[in-house]
Amino acid sequence: QQVLQSNPILEAFGNARTLRNDNSSRFGKYIDIRFTSTGKLSGAKIETYLLEKVRLIHPSAGERNYHIFYQFMEAASQEERRSLGLE
């Protein structure tokens, strides 16, 4: 359950709007799930890596950056934006 609950967080950091898709995945994810000899879940590990690092600096015309940046800007106070030079 914890592995599945982490997915929306990963998507905010790795998905972006492209010309063809409003929620295009720009990251890769490898999930290693471990089980005991009796078949019970004993652990899991998620490895995530960005496929398009260039999007951080230069999104293509008509496309947007990763969702997390817009979510941060929506939630950030005016003081937080000012302190980060984002006004």
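Throughout, a residue's number is its position along its own chain's written sequence, starting from 1. Where totals are concerned, whole chains, interfaces and linings use all residues; where local detail is concerned, this predicted model gives features only for residues with pLDDT of at least 70, and gives and counts side-chain atom pairs only at 80 or more. Side-chain metrics rest on all non-hydrogen atoms present in the structure, leaving aside hydrogens and water.

1. Brief notes about the overall build of the protein chain
Argument step 1. Each helix is a run of H or I in the DSSP string that is no shorter than four residues. Each strand is a run of E no shorter than two, and both are numbered from the N terminus. For the protein chain, the helix and strand inventory stands at 4 helices and 4 strands.
Argument step 2. The order of helices and strands in the protein chain, counted from the N terminus, is α-α-β-β-β-β-α-α.
Argument step 3. Contacts are assigned to residue pairs that have any heavy atoms within 4.5 Å of one another. Sequence-distant contacts, at least 24 apart, represent 38% of the contacts inside the protein chain between residues at least 6 apart.
Argument step 4. The protein chains shown are the only cover counted for residues, whose accessible areas, like all others here, come from Shrake-Rupley with a 1.4 Å probe. When the accessible surface of the protein chain is totalled, it reaches about 6,800 Å², and 53% of it is carbon and sulfur.

2. Topic: the side chain of His 67
Argument step 1. Locating His 67 in the fold gives a position in helix H3 (residues 67-75).
Argument step 2. Three labels apply to residues, based on accessible area from a 1.4 Å probe with only protein chains included: buried if under 20% of the type maximum, exposed if over 50%, partly exposed otherwise in between. Residue class for His 67 comes out buried when judged on its relative accessible area of 16%.
Argument step 3. Residues contacting His 67, with those up to four places away along its chain left out, are Glu 11, Ala 12, Asn 15, Ala 16, Arg 17, Asp 22 and Asn 23.

3. Structural notes on a nonpolar patch on the surface
Argument step 1. Exposure above 30% relative accessible area and the absence of a salt bridge qualify a residue for a patch, where like charges join within 9 Å and nonpolar side chains (Val, Leu, Ile, Met, Phe, Trp, Tyr) within 5 Å. Here a salt bridge means any side-chain nitrogen of Lys or Arg lying within 4 Å of a carboxyl oxygen belonging to Asp or Glu. There is a patch of nonpolar side chains on the surface, built from Ile 31, Ile 33, Phe 35 and Leu 41 and spanning about 390 Å² of accessible area.
Argument step 2. Per element, the largest residue contribution to the nonpolar patch is 3 residues, and it comes from strand S3 (residues 27-35).
Argument step 3. For Leu 41, the location among the structural elements is in strand S4 (residues 41-50).

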